[in-house]
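# Chains, contacts and geometry: an overview
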Amino acid sequence: MQFSSRTKKFTTNSQTELYSHPLLFYVQPPLENISLVEFETFAVERLKLLKTIENLGVSYVKLSDQYIKKLEAESKALNFLYRPEADDRKPLSGPTEQEKRRKDHISHFILRLAYCQTEDLRRWFIQQEVDLFRYRFNDLYPKQKLEFLHRNNLQYDTISVEEKKALQDKLVSSSYAFSGITVEDQDFYKVPFQDALDLVRLRKVYLKAGYVYIPHQEIVTIVLNDFRTRLSKALALTARSLPAVHSDERLQPLLNHLSHAYVGQDYSNQKNVGKISLEQIDSLSGKSFPLCMRQIHQSLRENHHLRHGGRMQYGLFLKGIGLSLEQALQFWRSEFIKGKVDADKFDKAYAYSIRHMFGKEGKRTDYTPYSCMKVILSNAPSQGDYHGCPFRHSDPELLKQKLQVYKVSPSGIIQILELIKGMHYQLACQKYFELTHNVEEASFSLNHPNQYFIESQKVLAGGRDIKRETDAPQKPQENSTKAPSAAPEAAANTQDVAEMTEELDSFFQDA
Amino acid sequence: MPASDYDSACLPDILPLYYRRLFPFSQYYRWLNYGGVQKNYFQNREFSFTLKDDIYVRYQSFTTQNELEKEMQKMNPYKIDIGAIYSHRPNQHNTVKSGTFQALEKELVFDIDMTDYDDVRSCCSAAEICPKCWTLMTIAIRVLDRALRDDFGFQHLLWVYSGRRGVHCWVCDEAARKLSVAARSAVAEYLSLVKGGDETMKKVVLSDPIHPFIRESLVVVERYFPLYALQDQDILGRKESVDKHLHVRKQLQQDFQNEKKPENRWNLLKDQAKRKQATSKKGQHFEKEIMLQYCYPRLDVNVSKGVNHLLKSPFSVHPKTGRISVPIDLKELETFDPFAVPTISMICEELDRPRTVEEEDKSEETIDKENEKDAAESRKIRDYKRTSLAKYVKCFDQFLDVMARSWKGELLRKSDLQKDF
């Protein structure tokens, strides 16, 4: 991508060809010149869209009616595609379909630059882009879906009518979406299972000898996998060409700011180390710990042991609330010794992993405490585990009993159970916060156990503090000091960037 | 031979003997070299050793079988783990630019551990096992072996007894070794039916339609359920399990007063379920869910997910029990007895047994045939054959023979490709 100053150029012929289908696999990068203003605007708006997708993905089942409605509204507001028109020559009010597709194309590639640098950024970006793609593909007309497949060389073999008949019962019983009629009417494709992992994982498809049998209508999952793999490879390649891009002074501040924006507070700051004493933990667990950590702590006290998943989730949380490495070692050691582990064994087997958590071993990564999203979505607990999110992973009956023991009012419990039924786990936890702290409405939007702790301590310290403590992403202050020496044009650009980054900040604080 | 003959304190003395005369190095190398089809496959494989006093060393790697033997005989590891094949030799990983040293391939593995069933077995808990609950492992092997072969198309599966309370499965097909993390986790999830921790009462939830995989698994479970669950575990007789898992209505509890035989109680329960199903959609698959909750294999997804995950090696010794991690012959699965698996002390003792007349004659013959070979070398080859380890090494050999046919094909293909310009 080449960037020069403010001229726009259009290569109409190849563009109309490229944008003649509403959906892109983003294989070819844009080959035109765009202005810095467009560069900034496109990137920010797409980021807002991806952020929305992230939030919706936690609160609603993907592709449920509510999810689709809300995402449509947001796409419309941001002037991205929201309704692929079969015939896009009709001029619409506002940007044309063509212009929206161009924006989609360009903004995707800009964000690649910002999000290719670390494993975490890549993972986040890929996840949201895949979800966006899923939503859009789902929205296409059948004819458009076929067209998309052919354009992108996804050729899988269909099975013969005889084979289909022989497998009919198995096909019908492998998914609620299939009836005898569906099977007869549609073509079934034989796809290697490695290309259809989502379907395999959820057992939504018939699997035999390493091949899944997919009806045409389900081909979307395959497409998604393909999309994900391509994007992953592309990001790795993009990362290599990053130094060249970063050397452009106009782009570096913006790209840096974009990539910091999504992360927000990760509660790994060392400001409050040593402010908590070990004696306080028991009482704190009842007063200020979110339910997940309270539960883990209790089981640790009762069993004098915790398995790996629980040690990670709880250990990192404790680090986040301010336990130092020495305190942590003492804490875990004294508890495990009461159980079946002797001091020697602890030092050999468990101490290493605690030091590892604090970044003192191995590749020395200073691990950050898990966010709610991570706790809810990854590493579900199994037999003998006590970690996870109780609102997500516990039996509603048992959860109800536990809340009763913790003296939550009956009406409060009902509200919480309702939220859980709607899969709003973080809201349920927030409600738990409100009920246990006697607060009408929490002044924050819960997304992290350590955030729960901080907010709880604030409330208990007296006075609801409206000013929220957020670690503001780095403002590009170093770059604005370069401004005096640069040309007036460059100075004006930095001003734009600074304004826009402020706008980004406030957007993400409200989220 | 009673297991009480084994004492972990004797390990420092008998491990050297085990590694010098009994460990099947040539078969082991034959396995991990995979026919030499891929360059540096063996050289880039990570091993980890647990040495005396719990010293743990990772990133061990070896260039030849000979080097592997020498090192193991020098270090006498208490435990051996096998890891992934990396992009570079693991013992040189510190010299590699950070970020470029990566785990590339590894067998797809499964670890079934008896402690994961503690909430549904009444005979034992934690590290204990007994013939009654061992059936759970038999069921697990049957269900998973079928699924991995029929559903996923894998062919080269090595089932190994872990030495104490579980079994491992090594899926050695080339396609399996090349699977990504996402693919491994998808396979493990496909195979998982029992979900939830201590806080979950109902760990198996089935809904219509019943997937063919679940149907096939139920066929296996149903074969063992009456003997294992109704009789041996007595789930319908013991008050705790009846109350905890079976949500048995008062009416049924009364009926149970009059009917003590487990099979009949089970029939009563099924009848009640059928009646409920006729009226409401809930509880559609009540009996199936119970059978699965009590019997269906419970695997640890995390073990199977990671390409770089280290798993106990076959023929490794279990320090607590002394038992050797031996391959399990599926043809004799029903009679497999974990308590009959040889311990290291047992086989070392067997080595010292005076040779019988027959053995003497046989060894005379073979020494004549193998005159060129080093006498010590050939004696070593035959040593394990004199012990109870022999039949397990034979089982391993048979597994390797089958796999070797596929390597041959691969090598031919590759050499053909090279000849074509």
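Since we're looking at a predicted model, the values are computed, not measured.

The rules we used
- Residues numbered from 1 in each chain as written.
- Chains lettered and ligands numbered in written order.
- Predicted model: local features only at pLDDT ≥ 70, side-chain atom pairs only at ≥ 80, totals over all residues.
- Heavy atoms only, no water.
- Helix = DSSP H or I, 4+ residues; strand = E, 2+ residues; numbered from the N terminus.
- Buried < 20%, exposed > 50% of the residue type's maximum accessible area, 1.4 Å probe, protein only.
- Contact = heavy atoms within 4.5 Å.
- Axes fitted to C-alpha atoms, helices over the stretch in contact; angles between N-to-C directions.
- Parallel < 35°, antiparallel > 145°, perpendicular 65-115°, else oblique.
- Left-handed = near helix turned anticlockwise from the far one by under 90°.
- Salt bridge = Lys/Arg side-chain N within 4 Å of Asp/Glu carboxyl O.
- Pairing = 2+ DSSP bridges.
- Nonpolar A, V, L, I, M, F, W, Y, C, P; charged D, E, K, R; others polar.
- UniProt positions renumbered as here; feature names shortened; annotations may be inferred.
- Core = buried A, V, L, I, M, F, W, Y, C linked by side-chain atoms within 4.5 Å.

The secondary structure content of chain A amounts to 26 helices and 4 strands. Relative to its full complement of 511 residues, chain A shows a buried share of 48%. Look at the contacts in chain A between residues 6 or more apart in sequence, and 70% of them connect residues 24 or more apart.

All names here are of chain A. Contact geometry for helix H4 (residues 97–115) and helix H11 (residues 219–240): axes closest at 9 Å, N-to-C directions at 60°. Here H11 runs oblique to H4, going by the angle between their axes. In this structure, H4 meets H11 at a crossing whose hand is right-handed. Each of His108, Arg112 and Leu113 in H4 lies in contact with H11, whose residues at this interface are Leu231, Ala234, Leu235 and Thr238.

Turning our attention to the pattern of salt bridges. All told, the structure shown has 38 salt bridges over all chains when counted by the stated rule. A:Glu335 is paired through a salt bridge with A:Arg301; the nearest N and O atoms lie 2.3 Å apart. In this pair, A:Glu335 sits in helix H17 (residues 325–337) while A:Arg301 sits in helix H15 (residues 291–303), placing the two residues 34 residues apart along the sequence. Residue B:Asp401 is joined to B:Arg30 by a salt bridge in which the shortest nitrogen-to-oxygen separation is 3.1 Å. Residue B:Asp401 is located in helix H16 (residues 390–419), and its partner B:Arg30 is located in helix H2 (residues 25–33); the two are separated by 371 residues in the primary sequence.

Moving on to the sheet that holds strand E1 (residues 157–158) of chain A. All names here are of chain A. Strand order in the open sheet formed by 4 strands is E1-E2-E4-E3, and the pairing between neighbours is antiparallel. The outermost strands of the open sheet, each flanked by one partner alone, are E1 and strand E3 (206–208). Here 2 bridges tie E1 to strand E2 (residues 188–192), and the two strands are oriented antiparallel to one another. Note on E2: the bridge partner recorded for Asp157 is Lys190.

Turning to the packing of helix H21 (residues 396–405) of chain A against helix H22 (residues 410–421) of chain A, a few remarks are in order. Residue and element names in this part refer to chain A. Following both chains from N to C, one finds H21 and H22 inclined at 150°, their axes separated by 11 Å at the closest point. Put simply, H21 runs roughly antiparallel to H22. The crossing of H21 and H22 is right-handed. Two secondary-structure elements touch here, H21 through Pro396, Leu399, Lys400, Leu403 and Gln404 and H22 through Ile413, Ile416, Leu417 and Ile420. Taken together, the residues of the contact of H21 with H22 sort by class into 7 nonpolar, 1 polar and 1 charged.

This part takes up the UniProt feature "binding site: [4Fe-4S] cluster" (unreviewed entry) in chain A. Residue and element names in this part refer to chain A. With numbering matched to this structure, UniProt assigns "binding site: [4Fe-4S] cluster" (unreviewed entry) to Cys292, Cys372, Cys389 and Cys429. Spanning 138 residues, the named residues form one tight spatial group whose C-alpha atoms are at most 9.9 Å apart. Apart from residues lying up to four places away in sequence, Cys372 is in contact with Gln426, Leu446, Asn447, His448 and Pro449. By secondary structure assignment, the location of Cys429 is in helix H23 (residues 425–437). Cys429 gets classed as buried once you look at its relative accessible area, which sits at 9%.

Let us now look at the nonpolar core. Among soluble globular proteins, nonpolar side chains are generally buried collectively. Grouped together as the largest cluster of nonpolar side chains are 188 residues, with contacts concentrated most on B:Tyr18, B:Trp31 and B:Leu191. With 11 residues, helix H4 (residues 131–151) of chain B is the single largest residue contributor to this core. With near-sequence residues (within four places) excluded, B:Leu191 lies in contact with B:Phe110, B:Leu144, B:Ala147, B:Leu148, B:Phe152, B:Phe213, B:Tyr296 and B:Leu299. Judged by nonpolar contacts, the second largest core, of 31 residues, contains A:Ile281, A:Phe289, A:Phe317 and A:Phe331.

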